[in-house]
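Remarks on the overall topology
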Amino acid sequence: MSGGAPLPQPTTEKILSIADLKEAADRKLPASAREFFNSGSTDQRTLHANETALARYHLRSRVLVNVKHLDPSTTCLGRRIKFPLCCAPAGIQGMAHPDGEVATSKAVRSMGVNQAISSFASYPVDEIVSAGGNGDDAPSYAIQMYPMSNRGLQERIIQRAEAAGCKAIFLTGDSPVLGVRYNEWKNDFRTPEGIGFPILERDTKTIRETTHDDGFAGLNDDGASWERDIKWLRDRTKMKVFVKGVMCSEDVANAVKWGVDGVVVSNHGGRQLDGVPGTIDVLEECVQAAKGSSVEVHVDGGFRRGSDVFVALALGAKCCWVGRPTLWNCDGYQ
Ligand SMILES: Cc1cc2nc3c(=O)[nH]c(=O)nc-3n(C[C@H](O)[C@H](O)[C@H](O)COP(=O)(O)O)c2cc1C
Ligand SMILES: CCCCCCC(=O)C(=O)O
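Per an unreviewed UniProt entry, the recorded name for the chain is FMN hydroxy acid dehydrogenase domain-containing protein, and the organism is Lithohypha guttulata. UniProt, in its Cofactor (unreviewed entry) section for the chain, records the words "FMN". As recorded by UniProt, the Sequence similarities (unreviewed entry) comment attached to the chain reads in full: "Belongs to the FMN-dependent alpha-hydroxy acid dehydrogenase family."

When its secondary structure is counted, the chain shows 14 helices and 10 strands. For 334 residues, the compact-globule formula gives about 20 Å, and the C-alpha radius of gyration of the chain, at 20 Å, lands near that figure. Judged by the C-alpha coordinates and their principal axes, the chain covers about 70 × 60 × 45 Å. Expressed as a percentage of the 334 residues in the chain, the buried residues total 50%. Residue pairs at least 24 apart in sequence account for 72% of intrachain contacts in the chain once pairs closer than 6 positions are excluded.

Surveying the vicinity of ligand 2 reveals the residues Phe36, Phe120, Tyr146, Arg181, His212, Phe216, His268 and Arg271. Within the side chain of His268, one N or O atom sits 2.7 Å away from an oxygen atom of ligand 2. Residue composition of the shell around ligand 2, grouped by class: four nonpolar, two polar and two charged.

The final tally for this structure, using the stated rule, is nine aromatic pairs. With 6.0 Å between their ring centres and 65° between their planes, Phe120 and Tyr146 make a pair best called edge-to-face. Remark: Tyr146 occurs in the loop between strand E5 (141-145) and helix H6 (151-164) and Phe120 occurs in the loop between strand E4 (115-117) and helix H5 (125-130); sequence separation between them is 26 residues. A relative accessible area of 13% places Phe120 in the buried class. The interplanar angle of 40° and the centroid separation of 5.3 Å between the aromatic rings of Phe170 and Phe242 together place this pair among those described as tilted. Remark: Phe242 occurs in strand E7 (residues 240-246) and Phe170 occurs in strand E6 (residues 168-172); sequence separation between them is 72 residues. A single burial state applies to Phe170 and to Phe242, both of which are buried. Taken together, the ring pairs in this structure connect Phe120, Tyr146, Phe197 and Phe216 into an aromatic cluster. The ring of Trp232 has Arg151 lying over it, and the distance from NZ or CZ to the ring centre is 4.3 Å. Sitting over the face of the ring of Phe36, Arg271 holds its NZ or CZ atom 4.8 Å from the ring centroid.

Calculation rules
Residues numbered from 1 in each chain as written. Chains lettered and ligands numbered in written order. Predicted model: local features only at pLDDT ≥ 70, side-chain atom pairs only at ≥ 80, totals over all residues. Heavy atoms only, no water. UniProt positions renumbered as here; feature names shortened; annotations may be inferred. Helix = DSSP H or I, 4+ residues; strand = E, 2+ residues; numbered from the N terminus. Rg over C-alpha atoms; globule rule 2.2 N^0.38 Å. Buried < 20%, exposed > 50% of the residue type's maximum accessible area, 1.4 Å probe, protein only. Contact = heavy atoms within 4.5 Å. Near = heavy atom within 4 Å. Polar contact = N/O pair within 3.5 Å; in protein donor to acceptor, adjacent residues only side chain to side chain. Nonpolar A, V, L, I, M, F, W, Y, C, P; charged D, E, K, R; others polar. Phe/Tyr/Trp six-rings, centres within 6.5 Å; stacked < 30°, edge-to-face > 60°. Lys NZ or Arg CZ within 6 Å of the ring centre and 35° of its normal.

So this is what it looks like as structure tokens:
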């Protein structure tokens, strides 16, 4: 387009939807951070499947129903939360805002919901948890971790999380290796200067010397299994154990068999195995497989509006989680 007057620019940005929030974030973040947050693995089929699958579900509405007093609250990680949507573990939040996961902690407190803390958080677990304050309104926290090859480090992470007051471990089971993320390779993505992984006891210098692929490979144990890793955790902690990344009924049956407290139906926001379906399309089979057991079924992946959450609840989920929308509420970094 050429000529004509320049289009008027809004003086105050109105964020009315998660799509608006994403657009605003896209303008604030440098390309490497934006792509790291937004992208998925290889062809990004699964990334897109999360949202397109949700869009296929339609609501069967009713009329003349008294909706004066509605209560969307539920219980999650041992407390009543105001509505069934919490902040999923997403690493390197210091790249979205200098206060990173500490800011997220304050936000979940003010919204009356819970937070899961990535082991790749930019802040130590005790700082994040204490930012949520004390008392009845304090959020519950889960510490996310991968099965690790350094068992000593994994034990220290568990002990520090338990001492900080975390209520659960989210053991991410879908990442024996890091997903193939072309954006990270193209951008030679490195965690920015000044941001460390304190939970993993890694400082900026060490992190920046390795590519993400290499950094991940040194930490994760690709020999993990239900029989080995659930018992190993149970022997070391009183925190609840959830397995994150479950995508089929067979693995929910494993969760029941090995006595975990819950599963998060998740494809890691399309960042791990590309080609698996949108999570909403496997939720029902997972809920059915957990029936009659004490295993709670939670879900994440592409939730962008209240009615998406409603669909998941209608299909039997206990609670939904979001990753990217938290990051899109960002300031960027210099
Ligand atoms: C930038 C980013 C970092 C993430 N880091 C982790 C992580 O460290 N551990 C983990 O289990 N999941 C991680 N996830 C996946 C989220 O926990 C969650 O499964 C996913 O983001 C949900 O999809 P959504 O972003 O569409 O809401 C990450 C996601 C993003 C976008
Ligand atoms: C050194 C690897 C950083 C991975 C951070 C977490 C993440 O991107 C994901 O799990 O997805």
